[in-house]
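Tertiary structure, described
Residue strings, one per chain:
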Amino acid sequence: PTPEPTPEPTSCLSTLPSDPTYKEHLNAQCVAESGQASDTWTFWVNPPGGSSDTKDCRPWCNYFKWCVGHQDFWTWDKMPKKWRLYTCQLVVDPEIWTEVEGSFPTERHIEHEVPNPCPNDLDRPPWLKLSNPCSSNMADASCQKKYGAVWGTGGFYPVPEKAEQSKRNCYLKE
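Below is a summary of the structure that appears in this document. Remember, predicted model here, so these are calculated numbers, not experimental data.

1. Let's talk about the nonpolar core
In terms of nonpolar packing, the biggest core is built from 33 residues, with Phe-43, Trp-60, Phe-64, Trp-66, Leu-90, Leu-128 and Leu-130 touching the most fellow members. With five residues, strand β5 (residues 82–92) is the largest single contributor of residues to this core. Apart from residues lying up to four places away in sequence, Leu-90 is in contact with Trp-41, Thr-42, Phe-43, Val-45, Trp-60, Cys-61, Phe-64, Trp-66, Cys-67, Gly-69, His-70 and Leu-130.

2. Overview of the packing of aromatic side chains
Summed over the entire model, instances satisfying the criterion amount to twelve aromatic pairs. Between Trp-41 and Trp-97, the ring centres sit 5.2 Å apart and the planes meet at 65°, which makes this aromatic pair edge-to-face. Linking Trp-41 in strand β3 (residues 41–46) with Trp-97 in helix α2 (residues 94–101), this pair joins segments that are 56 residues apart in sequence. Among the residues examined, Trp-41 registers a relative accessible area of 1% and is labelled buried. In textbook terms, an aromatic cluster arises when at least three aromatic residues are bridged by ring pairs, as seen for Trp-41, Phe-43, Tyr-63, Phe-64, Trp-66, Trp-97, Phe-104 and Tyr-147.

Rules used in this analysis
Residues numbered from 1 in each chain as written. Predicted model: local features only at pLDDT ≥ 70, side-chain atom pairs only at ≥ 80, totals over all residues. Heavy atoms only, no water. Core = buried A, V, L, I, M, F, W, Y, C linked by side-chain atoms within 4.5 Å. Buried < 20%, exposed > 50% of the residue type's maximum accessible area, 1.4 Å probe, protein only. Helix = DSSP H or I, 4+ residues; strand = E, 2+ residues; numbered from the N terminus. Contact = heavy atoms within 4.5 Å. Phe/Tyr/Trp six-rings, centres within 6.5 Å; stacked < 30°, edge-to-face > 60°.

The quantities given are spatial measurements derived from coordinates; they are silent on function.
What follows is the structure in structure tokens.
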């Protein structure tokens, strides 16, 4: 008798949930439920390869459960007269952060491990450099306000584009 063919192994990728979708808010800033930017905790992302190689901030937010959205910041390049992505911010839900990470960061700059459930199938960096724009003094009132804020449903408010200078956009996970 002829032996049965060996079935192809199931890819780890088939076990992962699909990537989240985002609601796009152009010329806007993401804000916590209070509607105040001062209550909104974000991390600046310093991606591997530098921001000049970056076209989209979404993948970094997709890596982390605590990331509820992202903001991108654009600058106008006079030569060749086009918008260029300058940097990204990951928007953090403090409640989810404490569930997943345990405690709030105490350093201004951290190298945060990137989860990779399928290391043979997913091309992810092992870590991302994140900068906490809040003071490195964790007793600072601005930090405590952000860490204690309720993200809730979150939201955005309009920020006008500065003609041929800069603009920002807010993308919230749906």
